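Architecture and fold: a report
Each chain is listed here by its residues.
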Amino acid sequence: MWLKPEEVLLKNALKLWVTEKSNDYFVLQRRRGYGEDSGGLTGLLVGTLDTVLDSSSKVAPFRILHQTPDSQVYWNIACGASLEEISQHWDWLQQNIIRTLSVFDCGEDITSFVQGKIRGLIAEEGKSAGDEEDPEHFREVVLRFERLFGLPQREKLVTYFSCSYWRGRVPNQGWIYLSTNFLCFYSYMLGNEVKLVFPWDDVSRLERTSSVFLTESIRVRVRGEDHFFSMLLRLQQTYLIMQHLAEYAIVRYFEKETFNAEHPLANPLHITQRALEIHARNQSFRAFFRLPQEENLCEVYESFLWVPFSHLNTLGKICVSENYLCFASQDGSQCHLIIPLGEVFSVEMPDRSTRALTVCMRGKRALRFSEVRDFERLAATIRRKCGTAGSPQHSFSNQDEEGVMVGQSQAVSTEALMNVFHPHDAENLDPKMLKERMKEQSWQIHFAEYGRGTGMFCTKKTRDLIVRGVPETLRGELWLLFSGAVHDMTSHPGYYGRLLEECMGSSSLACDEIERDLHRSLPEHPAFQSDTGISALRRVLTAYAHRNPKIGYCQAMNILTSVLLLYAKEEEAFWLLVAVCERMLPDYFNRRIIGALVDQAVFEELIRVHLTQLTEHMTDLSFFSSVSLSWFLTLFISVLPIESAVNVVDCFFYDGIKAILQLGLAVLDYNMDNLLCCHDDAEAVTVLNRFFDNVTNKDSPLPATVQQASAAANDKSMHKVDISDLIKEAYEKYGDIRTEEVENMRKRNKLYVIQTLEYTTKQNVLRVVAQDVKFSAAQLEELYMLFKRQHFVSCYWSVCSPALQNHDPSLPYLDQYQLGQSQFSNLFNLLQPWTTQTHTRTLARSAFHLLDENGDGLVNFKEFISGLDVLYNRSFTEKLKFLFKLHLQPGTQECTILKSSRFIPPAEGHSFSTRLSDSAEDGVIRRCPERGRAKVDLQEYLKQWQEDLQRREENIKDLPRINQVQFIGLTKTLYAVFHGDEKEESLCRAVARVTSLLLRMEEVGRKLQESSPLKTPQTTAQTTPTSSPSTAPPEISQPLPASPETECDHGPPESPVSLRETAPSHSDITPNSTSRPSTPTSSPTGTSSPALDTPTDTPSSPIVLRDEDWSFSFEQILASLLNEPYVVRFFERAVDTDALIAYARKNQLKDTH
């Protein structure tokens, strides 16, 4: 059958294929192990390997490759199960294709033609076969997917393929399942089960690769470990779907600036393979033709277009969107054009025999398409759309607009600043001006031949004119055209003026930053030494910050905008800025400059490929990333004089980021010898700075007052480099870099950059947290990954999850990931060291409120791990104190007191200076409502820190008393904690004894106070309980209903105390009295009983008691429980942290069902 052409990376890897027939353009090959020479070691190996494979993943034994004589690249275009089947394809190529290929002069044209024909054949076969996915079969696969991996039913399976997973050098044949949030693989052969589940947000590398052993495979890197999947029948299709899913995860979870509820793939429950492919196709379509984000590719037709300037037909594709008809050639002529459907007024079909149609446009222009397979449908589509589309004027005229737009409080000029401060002098006969006029004349000839405005043909000649430099008078027009900003501006008339009215007089952080940088933007240029230029720059930047508050204003935007204002009118400069920030340089202008980091990674990759000598000399190429950051952020404007930098901007608007990458390679290549002689980074920086100082533009018509060439450039002893020569050299040496290749490299490196930033965040969080807890480094890292995973789990199946809003990469490291109450409860229940059954939810809710120190409804990792550290690693006293705090009623004054103190003691050696340096990150100084912008009062912090130390020293006696409802809840929690333990009965009896003892102590205190009501007793007599462990006590009766904090579905074992008769009255226990344990004494029954005194309580824990209320201090409860060895041993028992972490990791996804 015919295959979609796929590039073969290694033609004869492991000598698995034998050539049967060949000619200049095609090769027919047979796989070893089939046919005549099936014997031999290689044949036996291949035959055995193919035998064990699933039928859908077997490699076909015959294939046809396409090649050209002047290329080493091969394309797989057909495969067959038998020699007869593949021979039919071979004969068809011989009869229908071979003769046609002889008319082409270029190998690229031949390859493009063959690929187009093969794709057409596949499309015809697909329509005739009507091959659609069997829904019943797919439903069975979904059920198997859910059963194998235990994922919730909400997880959407996108597609699945048969493949082999390589563990070492042994392949495991199985199935790869690609779902919305996970990459899964399952294999079971010869008793060996392999099950993999990788979240897409953990993938840091995804690429096609090949080696001697693995021919062609897909490499997936997760948490630093590589995994290889090969022997896929549709490897390229599988790779693209995996790439789409990984990119979707990155955009959804890590890029809040570009993802919102209006995103085409916002609902994860509606993700399908077709939806992903359509979304990727629309993105590629808009990027290639530089169209607005609202445009989507509706229909595609293959056809020939009559090109009048070449007097021939060129093969290409017609792409139709909602408002545009576009054409791009496929024969290597690099010809493309864009026609707004609003400019079309008629469609004619003059010759049905050639399936031709003519599109007539305003301005007496017409386009003739021929050999359109479904030309009648295309004609009907254009007629329908041109009737509904508007008719914006995309063409440019030489006459400037008259009038002004009313902006804030003054008129907005419609004139480019260069025309104001350096008007064009038509009578100037300076040699540079003469050369400038020659450039203008060349462009006028180009306009006459290829058209002007949006409908202009863009060809190789257009690029040649761009490389030579754009005339000053045409620069703004051509920037607007090639960037696609003209489409945005014409489709949004009056938008800029409305923005200015809306943001007039507004005040924000972005406005403050803009004001700070206004006078730093090209300060040497006269335009920005006057109020005219400064005001225009302020309006454009403020309008954009108002339009896109997620980006707002970032440094480098002022430099770029100031250059745009020199050559474009104010509104045009605004739309140019929109095009650069939102389409051409995505993710550049945000807090993490992810887009710039991605392009720097691409730049490093290109250096390794094209500048191998430099790579061998400098093993660490990260130096070039730090040096070149300003190159990418400002398009070389910050390192080159303005008269030279604008030539770079010309190329950028025509070729995109590819032009910047080419120029960067050319700069390094030009300085290769000097860089190889450098011994350190400082010398290399000096070499590059000296080079940029000597870059000039000898053809610039700008006067000396405007030019920014440095004094070094005027030194005749220094070698000068003309910017036109440098750009020309860049295109000659590195012009073969394809835009598609750059985009693929961008996608591949974006995963790596995002995960690198996430790794940095993790390391900083662990560094801050590690000093306060007793977990090992490995355990702490695993707990952090569980915490982060819990955040993502709550986002997987929700369209607008609140957790997505909680994640903010611009916040300090500790606050980037935070859990709400529901998320916290799920994770806390998985990790708590005790089995509390139905009491679990109440316990988790109380723990959340206790650990949420600033009361914002979110818990960060430091707060979470501090509570977990108490339960895992601290002493019996610390654990009991934690449980005691959980049962204090929320919102009372005693809880407020607890919130103000940190219950985790400082680690040894943790100095004041260390805590002070971490205060901004660990959240000690809390944020104001404008998150992340609170100012730290140092004196206030010192006072707070000193009070903190005092609280730690007096922590136990400062704890508030626990009332009867809270004490009952604490008792229930203890019973629940002991549930399932082998010593459960002994532990429950111990709690019963302690409860009985505490209540009898309170009864004694009441009687003593009754005997001396006029004064506060300082001491109390010792009391001896009369009950023994063997005596069956009466049942507990609760005089007050349980609070929501203590409610649970099942009650604890019956308490051995009667609260009905022992509860002291208000007259017996005053708010200012407390009981403090002294040396325990032995009772006649063998039970230890502490002697009590009642000193005046501190005013830090006031409590208001009703009649017949009673309460206990933490000291009383602690002293009583210390006399119960079973309880002490239970809480002092070591916790198997690794086992609990493994359990949580295994069940974290199941817990979301």
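Residues numbered from 1 in each chain as written. Predicted model: local features only at pLDDT ≥ 70, side-chain atom pairs only at ≥ 80, totals over all residues. Heavy atoms only, no water.

What follows deals with helix α11 (residues 460–468). Residues of α11 that are buried include every one of Thr 462, Arg 463, Leu 465, Ile 466 and Val 467, and no others. Turning to α11, the residues buried within the fold contact α10 (431–450), α12 (475–483), α22 (642–655) and α26 (723–734). Gly 469, located one to two residues past α11, shows a positive phi value of around 115 degrees. (Buried < 20%, exposed > 50% of the residue type's maximum accessible area, 1.4 Å probe, protein only. Helix = DSSP H or I, 4+ residues; strand = E, 2+ residues; numbered from the N terminus. Contact = heavy atoms within 4.5 Å.)

Turning our attention to the pattern of salt bridges. Counted by the stated rule, this structure contains 40 salt bridges. As a salt-bridge pair, Asp 202 and Arg 223 come within 3.8 Å of each other at their nearest N and O atoms. Highlighted residues: Asp 202 in the loop between β9 (192–199) and β10 (203–209) and Arg 223 in the loop between β11 (217–222) and β12 (225–230), separated in sequence by 21 residues. Salt-bridge contacts for Glu 472 lead to Arg 475; the nearest nitrogen and oxygen are separated by 3.0 Å. Arg 475 gets classed as buried once you look at its relative accessible area, which sits at 1%. Several salt bridges share partner residues, and in doing so they unite Glu 207, Arg 219, Arg 221, Asp 226, Glu 605 and Arg 748 into one network. (Salt bridge = Lys/Arg side-chain N within 4 Å of Asp/Glu carboxyl O.)

Look at helix α16 (residues 531–547): 24 Å from first C-alpha to last across 17 residues, which is about the 24 Å you get at 1.5 Å a residue. α16 sits mainly inside the fold: twelve of its 17 residues count as buried. Of all the positions in α16, only Gly 533, Ile 534, Ser 535, Ala 536, Leu 537, Arg 539, Val 540, Leu 541, Thr 542, Ala 543, Tyr 544 and Ala 545 are classed as buried. (Expected span 1.5 Å × (residues − 1).)

Glancing now at the packing of aromatic side chains. In this structure the tally under the stated criterion is 51 aromatic pairs. The interplanar angle of 70 degrees and the centroid separation of 6.3 Å between the aromatic rings of Phe 603 and Trp 631 together place this pair among those described as edge-to-face. Residue Phe 603 is found in helix α19 (residues 594–610), and its partner Trp 631 is found in helix α21 (residues 622–634); the two are separated by 28 residues along the sequence. No difference in accessibility class separates Phe 603 from Trp 631, as the two residues are buried. A centroid spacing of 5.5 Å and a plane angle of 15 degrees characterise the contact between Phe 824 and Phe 828, whose relative ring orientation is stacked. Placement of the pair is Phe 824 and Phe 828 together in helix α30 (residues 821–831), with a separation of four residues, close to one helical turn. Given a relative accessible area of 3%, Phe 828 falls into the buried group. Three or more aromatic residues joined by ring pairs form one cluster here, namely Phe 603, Trp 631, Phe 632, Phe 636, Tyr 670, Phe 691 and Phe 692. Sitting above the plane of the Trp 17 ring, Arg 63 keeps its charged end 4.1 Å from the centroid. Directly above the ring of Tyr 1126 sits Arg 1129, whose terminal nitrogen or CZ lies 5.2 Å from the centroid. (Phe/Tyr/Trp six-rings, centres within 6.5 Å; stacked < 30°, edge-to-face > 60°. Lys NZ or Arg CZ within 6 Å of the ring centre and 35° of its normal.)

Another aspect to go through is the pairing of strand β13 (residues 299–307). Regular strands show a simple pattern: their side chains alternate between the two faces of the sheet. Burial of β13 is one-sided: the residues Glu 299, Tyr 301, Ser 303, Leu 305 and Val 307 facing one way are buried, the residues Val 300, Glu 302, Phe 304 and Trp 306 facing the other way are not. Examined bridge by bridge, β13 and strand β14 (residues 312–320) share nine bridges and lie antiparallel to one another. Following the sheet pairing, Glu 299 is matched in β14 by Val 320. What sits between the antiparallel neighbours β13 and β14 is a turn of four residues, in which His 311 has the positive phi angle 55 degrees. Judged from the two bridges that link them, β13 and strand β19 (residues 365–370) form a sheet pairing that is antiparallel. (Pairing = 2+ DSSP bridges.)

One open sheet accounts for five strands, arranged β1-β5-β4-β3-β2; its pairing is antiparallel. Pairing within the sheet leaves two strands with one partner each, and these edge strands are β1 (2–8) and β2 (17–22). Across the sheet, the axes of successive neighbouring strands diverge by a mean angle of 30 degrees, strand direction being ignored. Pairing analysis gives five bridges linking β2 to strand β3 (residues 26–31), with the strands arranged antiparallel. Across the sheet, the residue bridging to Lys 21 is Leu 28, located in β3. (Axes fitted to C-alpha atoms, helices over the stretch in contact; angles between N-to-C directions.)

Further remarks concern the environment of Leu 888. Note on placement: Leu 888 falls in the loop between α33 (876–886) and α34 (893–899). With 42 residues separating them in the primary sequence, Leu 888 and Ser 846 have C-alpha atoms 9.0 Å apart.

Right, let's talk about the sheet that holds β14 for a bit. Strand order across the open sheet formed by seven strands is β16-β15-β14-β13-β19-β18-β17, with antiparallel pairing between neighbours. For this open sheet the edge positions go to β16 (336–340) and β17 (344–348), each flanked by a neighbour on one side alone. Ignoring which end each strand starts from, the neighbouring axes of this sheet average 30 degrees apart. Across five bridges, the pairing between strand β15 (residues 324–329) and β16 is antiparallel. By the bridge assignment, Leu 325 is partnered in β16 with Ile 339.

Moving on, we come to a negative patch on the surface. A cluster of acidic residues, Asp 620, Asp 680, Asp 681 and Glu 683, forms a negative patch at the surface. Note on Asp 681: relative accessible area 44%, which makes it partly exposed. (Patch = residues over 30% accessible without salt bridge, like charges linked within 9 Å, V, L, I, M, F, W, Y side chains within 5 Å. Areas by Shrake-Rupley, 256 points an atom, 1.4 Å probe, with all protein chains shown as cover. Lys, Arg positive; Asp, Glu negative; His and termini not counted. Charge placed at Lys NZ, Arg CZ, Asp CG, Glu CD.)

With that settled, consider the confidence of the model for the protein chain. Here the protein chain averages 77 in pLDDT, and 74% of its residues register 70 or above. No element of the protein chain has a lower mean pLDDT than strand β27 (residues 1076–1082), which averages 34, and none a higher one than helix α23 (residues 657–670), which averages 95. Counting contacts from residues 1014–1107, a segment whose pLDDT is below 50, to residues more than four positions away or on other chains yields 189 contacts. (pLDDT = per-residue confidence, 0-100.)

Among the residues examined, Asp 202 registers a relative accessible area of 7% and is labelled buried. Among the polar contacts listed, one links the side chain of Asp 202 to the side chain of Arg 789, at a separation of 2.9 Å. (Polar contact = N/O pair within 3.5 Å; in protein donor to acceptor, adjacent residues only side chain to side chain.)

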